[in-house]
Amino acid sequence: MSNNNSSLLLKNARLIDAGQNLDEKADILLVAGKVAEIGASINSTAATVLDLDGAWVMPGAIDMHVHLREPGFEHKETILTGARAAVAGGFTSIACMANTKPVNDSAAVTRFILEQARLAPAKVLPIAAISKGMQGEELVEMGDLVAAGAVAFSEDGKTVADSKLLRHALEYASLFNKPLLCHCQDNALFANGVIHEGVISAAHGLEGIPTLAEDLDIARTIMLAEYLDVPVHICHVSSKEGVRLIKSAKERGVKVTAEVTPHHLFLDERAVVDLAYGETLDESLKPEQLCYNTATKMSPPLRSAADVSALRQALADGTLDAIATDHAPHEATEKAVEYDLAPFGVVGLETAVALSLRLVQEKVLTPLELSARLSLTPAAILGLDDRGTLAVGKAADLMIIDPELQWIVDPGKFYSKARNTPFTGWQMSGRVIKTIVDGEIVFTL
Amino acid sequence: MSENKENSVCSAQDVTQMLKRIAFEIADRNSASEKLVLIGVLTRGVSLARRLQKIISTASGRELPLGILDITLYRDDLSIATHHPVVRKTEIPFSLDGVTVILIDDVLYTGRTVRAAMDSLIDFGRPQSIQLAVLVDRGCHELPIAADFVGVRVPASPQDRVMVRVAESDGFDKVTVMPRNSIPQDSTSGEE
Amino acid sequence: MGFKRKDLLGTRDLSALEIRSLLESAESFKEIAERPLKKVPALRGKTVINLFFEPSTRTRTSFEIAAKRLSADAVNMSASTSSVVKGESLLDTVDNIQAMAPDIIVIRHKFVGAAHLIAGRVGARVVNAGDGANEHPTQALLDLLTISEHKKLEPGLTVAIIGDIAHSRVARSNIWALLTLGITVRVCAPPTMLPRGLDKIPGVVVCARPEAALAGVDVVMMLRIQLERQDRMLFPSIRDYARIFGLNRQRLELAAPDAIVMHPGPMNRGVEITSEVADSDRAVILNQVSNGVALRMAVLFLLGGQGHE
């Protein structure tokens, strides 16, 4: 983003910022892309003034887990469309996974991503693969990738099955202070599974993915990190047992962090056979096929109701550090197939913050805790010192939220190229109405 | 049921008399044919056939075999049927080859039921002849079909509905005429 | 009232009334097989497409005979002759079929939900002839029709289903239909073939050993064991399976004295069922096949004979 000298004064905001432990009425002055001043009443003649009339101002959300599909799968999403979806949803920074084509396993690909991101409204942070070609055999040139701009390493979509390779990756990445983001899955137990192994898979004959497939690999990953005394981050935790493993590791002092997705917090396995369960969908948007709708297919899968409540509890108590979307766009025709054949993944950038606000409404999180899970902690995990909070001097990346705005999720209005959301037709309360990156308004509803 | 709009044509006593006459005519006309069978068209045709069988048996000691025919699968109006088709069991426990069939139904109207019944009978074998007996011939035939034995002729317009009620399914015997628009939705009695 | 759906996709959400109405209709169709001329004009001019993405001789033939006895034009399309092998998507395939204006599409597919997917897409009536391990409603209904020839389909009856429950659509469709009618269902399978979570479905009694499942039951349904599953470590050997789970004369004695034995076919004699049992007068396996035609006639008739709303 360009460094500019323009200034913007946000008046009458409710500033919610975990980084400063602030939840109060305030004016905020943004100058030259940074937060310049916070006060009860600021006057500036030079600044453009926005009277927010009590709307919430929070640090821009930071999504440490998205798939932007470029290079290689531009029919699903591009860096530009993904970034537009991001700012429309309140995300000012997004970290994109390496499973593109070619895989982001070299400085050249990382530089290409950053080059494409120059015109993007959000800050795009490339995550490099752990192994060359994500083949699980040879480590990538981590030093070169870090120098090119990689913020983390991940083999997301797969696991690093070879424990020795994973060990070396953890050791080597610690040299650069860059986290490994681990997609935990035991491949043999995952097998050909398509949904959670439980009462729905039993009843409908769909191949199940046991929580064990995830838990076993979380345990292995934690044990490696503990043994080596290095940090590690667990992607998209979906199970109760996974939560227990992480909690107990944290209690022992293991440097483990973890994220959870909104879909795992709001949907359980029943959605596979009744997408509308428990929710009153807008009639005009209600999908024709509520049973076996492929918008419910993702990895890890939607788990049991007990898992969902464990995840919510863990997000509240801080066992789960961050909310990340695992935004995984797919073209409509790719999802309009038999459930078994559909690719895993759902989009999330344009619904995540609104769903997170619902967690506040449902008293799972306080607004301050929400700010921590969406911005402060993700920034800390990725080592981004200049953002995640709106303290004076930090980047002026923020979202303005109308906490009472009623709206309905309509994928037809998404900025993302993809429409594969399980939340079509949901009635939402609260929405990002403006997004500001480096002091510039990049999205207005 | 709006009884006041129903115009009674035949009483229970009339029905009994008509059946006796038809039975007599059937026996008379077919006294020479050795292989004579009765086949009733479900539902009321079967009730009437059973009564004819009994009358003939009592009067002449002649025991005629009786078959039951469901013509649903032979109807020509399945795709425009507004109600749901219910298929019931056809039971013709004897060969139709070379026999004389008395086909029995309650009302002769368009003739389409009879057409379907004949198609069905012919699929079962090759009867020597088929004769048609109906309790009521209400006219307005749409096919070149005429009954051999008729209880009563009731000239009615297509706007009218002729209803035959029989004790077996309706609790009492009666023939009535009523305007079509006054028929309650749940009425199941009478007419083809 | 009776069966009034656009499609028959499964037994899971059929009401007891719908099930009984289908069985009652099927009862009327049995008689047609005994006529000298086994054909009625009910579906004359209607087109039934049998779209089979999985090899199946008997189900396809059964549907074909049923359609032809109703005078419908039955066309068989199998995966090997269709463009599926050329990589066409299922929806593209059915769009093409729909363009030919069939009245009924009968679909067999190896993946769960395939029938549901196309039912939402096409105007034609859809009959699920098996979708993955999910449902095979006509098989379950013909099984009920067969049971009803020997037993009253009402609470008090106990049915044991033994075999590879996890991969069996026949088992699932039977379980739903039987539970809906209030009949007690016992299932028994090697633990590797018993779907986790099945015991949480209300009404299903899971038995670890066939002896427990068989004790006093009125109906025994043996499932076909797919021999290729042995490669997937689900059971150590056919010999071992036959020894522990196979139905033989001695095991059958544990069931009620008048218990009937069923099998959806094709049978692996000497594996899940001994020839002695399969050929005994307790077995009603061939009745199942005959009833399959009548039941499918009823289904095709009830779907195809309906007016378009």
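How each quantity is defined
- Residues numbered from 1 in each chain as written.
- Chains lettered and ligands numbered in written order.
- Predicted model: local features only at pLDDT ≥ 70, side-chain atom pairs only at ≥ 80, totals over all residues.
- Heavy atoms only, no water.
- Salt bridge = Lys/Arg side-chain N within 4 Å of Asp/Glu carboxyl O.
- Helix = DSSP H or I, 4+ residues; strand = E, 2+ residues; numbered from the N terminus.
- Buried < 20%, exposed > 50% of the residue type's maximum accessible area, 1.4 Å probe, protein only.
- Pairing = 2+ DSSP bridges.
- Right-handed = clockwise from strand over helix to strand, strands pointing away.
- Axes fitted to C-alpha atoms, helices over the stretch in contact; angles between N-to-C directions.
- Contact = heavy atoms within 4.5 Å.
- Parallel < 35°, antiparallel > 145°, perpendicular 65-115°, else oblique.
- Left-handed = near helix turned anticlockwise from the far one by under 90°.
- Phe/Tyr/Trp six-rings, centres within 6.5 Å; stacked < 30°, edge-to-face > 60°.
- Lys NZ or Arg CZ within 6 Å of the ring centre and 35° of its normal.
- Core = buried A, V, L, I, M, F, W, Y, C linked by side-chain atoms within 4.5 Å.
- Polar contact = N/O pair within 3.5 Å; in protein donor to acceptor, adjacent residues only side chain to side chain.
- Expected span 1.5 Å × (residues − 1).
- Buried area = accessible area lost by both parts, 1.4 Å probe.
- Nonpolar A, V, L, I, M, F, W, Y, C, P; charged D, E, K, R; others polar.
- pLDDT = per-residue confidence, 0-100.

**Focus: the pattern of salt bridges**
Residues and elements named next belong to chain A.
And then number 1: Per the stated rule, a full pass over the model turns up 47 salt bridges over all chains.
And then number 2: With a closest N to O distance of 2.7 Å, glutamate 362 and arginine 312 form a salt bridge. You can see glutamate 362 sitting in the loop between α12 (352-361) and α13 (367-381) and its partner arginine 312 sitting in helix α10 (residues 305-317), a full 50 residues away along the chain.
And then number 3: Aspartate 410 is paired through a salt bridge with lysine 413; the nearest N and O atoms lie 4.0 Å apart.
And then number 4: Overall, the relative accessible area of 66% leaves lysine 413 in the exposed class.

**What about the pairing of strand β4 (residues 125-131) of chain C?**
Residue and element names in this part refer to chain C.
And then number 1: Burial of β4 is extensive: 7 of the 7 residues sit out of reach of the surface.
And then number 2: Of the pairings in the sheet, the one linking strand β3 (residues 104-109) to β4 comprises 5 bridges and is parallel in character. Bridge pairing in β4 links valine 106 to valine 127.
And then number 3: Regarding topology, helix α4 (residues 114-119) serves as the crossover connection from β3 to the parallel β4, and that connection is right-handed.

**Concerning the sheet that holds strand β4 (residues 100-108) of chain B**
Within a beta sheet, neighbouring strands are joined by backbone hydrogen bonds and run either parallel or antiparallel to one another.
Residue and element names in this part refer to chain B.
And then number 1: Read from one edge to the other, the open sheet built from 5 strands follows the order β3-β2-β4-β5-β6, with strand pairing classed as parallel. Bordering the open sheet on either side are β3 (66-69) and β6 (149-153), each of which pairs with just one other strand. Neighbour to neighbour, the strand axes of the sheet diverge by 25° on average, direction disregarded.
And then number 2: Against the sheet, helix α1 (residues 12-29) makes contact with β2 (36-41), β4, β5 (129-137) and β6, and its axis sits at roughly 155° relative to β6, the strand it touches most.
And then number 3: Across the face of the sheet, helix α3 (residues 112-124) comes into contact with β2, β3, β4 and β5 while running at roughly 155° to β4.

**A look at unusual backbone geometry**
And then number 1: Cis rather than trans, the peptide bond between Ser299(A) and Pro300(A) has omega equal to -5°.
And then number 2: Looking at where Pro300(A) falls in the secondary structure, it is placed in the loop between α9 (262-266) and α10.
And then number 3: Along the chain, Gly265(C) connects to Pro266(C) via a cis peptide bond; the corresponding omega equals -10°.
And then number 4: Its place among the elements puts Pro266(C) in the loop between β9 (260-262) and α10 (275-278).

**Description of the sheet that holds strand β7 (residues 160-165) of chain B**
All names here are of chain B.
And then number 1: Across the sheet, 3 strands lie side by side as β1-β8-β7; this open sheet has antiparallel pairing. Each edge of the open sheet carries a strand with a single partner, namely β1 (7-10) and β7. In this sheet, neighbouring strand axes are inclined to one another by 30° on average, regardless of whether the strands run parallel or antiparallel.
And then number 2: Alignment of β7 against strand β8 (residues 174-179), held across 6 bridges, turns out to be antiparallel. From the neighbouring strand, arginine 165 faces β8, where its bridge partner is lysine 174.
And then number 3: Across the face of the sheet, α1 comes into contact with β1 and β8 while running at roughly 30° to β1.

**Considerations on the arrangement of the chains**
And then number 1: Between all 2 pairs of chains that are in contact, chains A and C come out with the most contacts.
And then number 2: Separated throughout, chain A and chain B approach each other most closely at a C-alpha pair spaced 26 Å apart.

**Some thoughts on the packing of helix α1 (residues 16-30) of chain C against helix α5 (residues 137-148) of chain C**
Residue and element names in this part refer to chain C.
And then number 1: Running from N to C, α1 and α5 point in directions that differ by 70°, and their axes come no closer than 10 Å. With respect to α5, the element α1 is oriented roughly perpendicular. Considering only the axes of α1 and α5, their crossing is right-handed. Here Ile19, Leu22, Leu23, Ala26, Glu27 and Lys30 of α1 lie close against α5, whose contacting residues are Leu141, Leu144 and Leu145.

**Quick notes on the packing of aromatic side chains**
And then number 1: Across all of its chains, the model carries 8 aromatic pairs over all chains by this definition.
And then number 2: A ring pair is formed by Tyr172(A) and Phe176(A), whose centres lie 5.6 Å apart and whose planes are at 65°; its orientation type is edge-to-face.
And then number 3: Overall, Tyr172(A) belongs to the partly exposed group, its relative accessible area being 40%.
And then number 4: On the basis of an interplanar angle of 55° and a centroid distance of 5.8 Å, the ring pair of Phe29(C) and Phe301(C) is categorised as tilted. With a gap of 272 residues between them, Phe29(C) in helix α1 and Phe301(C) in helix α11 (residues 285-304) connect regions that are remote in the sequence. Take Phe29(C) and Phe301(C): they sit in the same class, and that class is buried.
And then number 5: Against the face of Phe266(A) rests Arg312(A), its NZ or CZ located 4.8 Å from the ring centre.
And then number 6: Seen from the ring of Tyr109(B), Arg138(B) lies directly overhead, with NZ or CZ sitting 3.8 Å from the centre.

**Focus: the nonpolar core**
And then number 1: Counting residues in each nonpolar core, the largest one holds 117 residues, and the members touching the most others are Leu73(B), Phe29(C), Leu70(C), Ile161(C) and Leu300(C).
And then number 2: Element by element, the count of residues in this core is highest for α11(C), at 11 residues.
And then number 3: By size, the runner-up hydrophobic cluster in this structure holds 100 residues, among which are Ile130(A), Leu245(A), Leu265(A) and Leu374(A).

**With respect to the environment of Thr192(C)**
All names here are of chain C.
And then number 1: Mapped onto the elements of the fold, threonine 192 is located in the loop between β6 (184-188) and β7 (204-207).
And then number 2: Looking at threonine 192, the relative accessible area reads 40%, which means it is partly exposed.
And then number 3: Here the alpha-carbon distance between threonine 192 and phenylalanine 235, two residues 43 residues apart in the chain, equals 7.3 Å.
And then number 4: Among the polar contacts made by the side chain of threonine 192, one reaches the main-chain carbonyl oxygen of leucine 234 at a distance of 2.4 Å.

**Focus: helix α7 (residues 211-228) of chain A**
Residue and element names in this part refer to chain A.
And then number 1: For α7, spanning 18 residues, the distance from its first C-alpha to its last is 26 Å, which sits close to the expected 26 Å at 1.5 Å a residue.
And then number 2: Along α7, the residues classified as buried are Ala213, Glu214, Asp215, Asp217, Ile218, Arg220, Thr221, Ile222, Leu224, Ala225 and Leu228.
And then number 3: In this fold, the buried residues of α7 make contact with α4 (163-174), β10 (180-182), α5 (187-190), β13 (232-234), α8 (240-252) and β14 (256-260).
And then number 4: Phi turns positive one or two residues past the end of α7, at aspartate 229, with a value near 55°.

**Re the interface of chain A and chain C**
And then number 1: The interface is formed by 19 residues belonging to chain A together with 22 residues belonging to chain C.
And then number 2: Buried area between chain A and chain C, both sides added, is near 1,600 Å², and the carbon and sulfur share of it is 59%.
And then number 3: Taken as a group, Ala202(A), Tyr292(A) and Glu338(A) account for 30% of the area that chain A buries against chain C, more than any other trio of residues on that side.
And then number 4: On inspection of chain A and its partner chain C, the count reaches 1 salt bridge.
And then number 5: Ionic pairing is found between Glu197(A) and Arg196(C), a salt bridge with its closest N-O pair at 3.8 Å.
And then number 6: Applying the counting criterion to the chain A and chain C interface returns 5 residue pairs in polar contact (both at pLDDT 80 or more).
And then number 7: Split by residue class, the side of chain A that touches chain C holds 9 nonpolar, 5 polar and 5 charged.

**Quick look at the confidence of the model for chain C**
And then number 1: Taken as a whole, chain C shows an average pLDDT of 92; of its residues, 95% reach a score of 70 or greater.
And then number 2: Here the predicted complex scores 0.91 on pTM and 0.94 on ipTM.

**Considering the side chain of Ser375(A)**
Residue and element names in this part refer to chain A.
And then number 1: With respect to the helices and strands, the residue serine 375 is situated in helix α13.
And then number 2: Judged by its relative accessible area of 1%, serine 375 falls in the buried class.
And then number 3: A polar contact of 3.2 Å, which involves the side chain of serine 375, links it to the backbone oxygen of proline 59.
And then number 4: At 2.9 Å, the side chain of serine 375 forms a polar contact with the backbone oxygen of glycine 60.
And then number 5: With near-sequence residues (within four places) excluded, serine 375 lies in contact with Pro59, Gly60, Ala61, Ile62 and Gly388.

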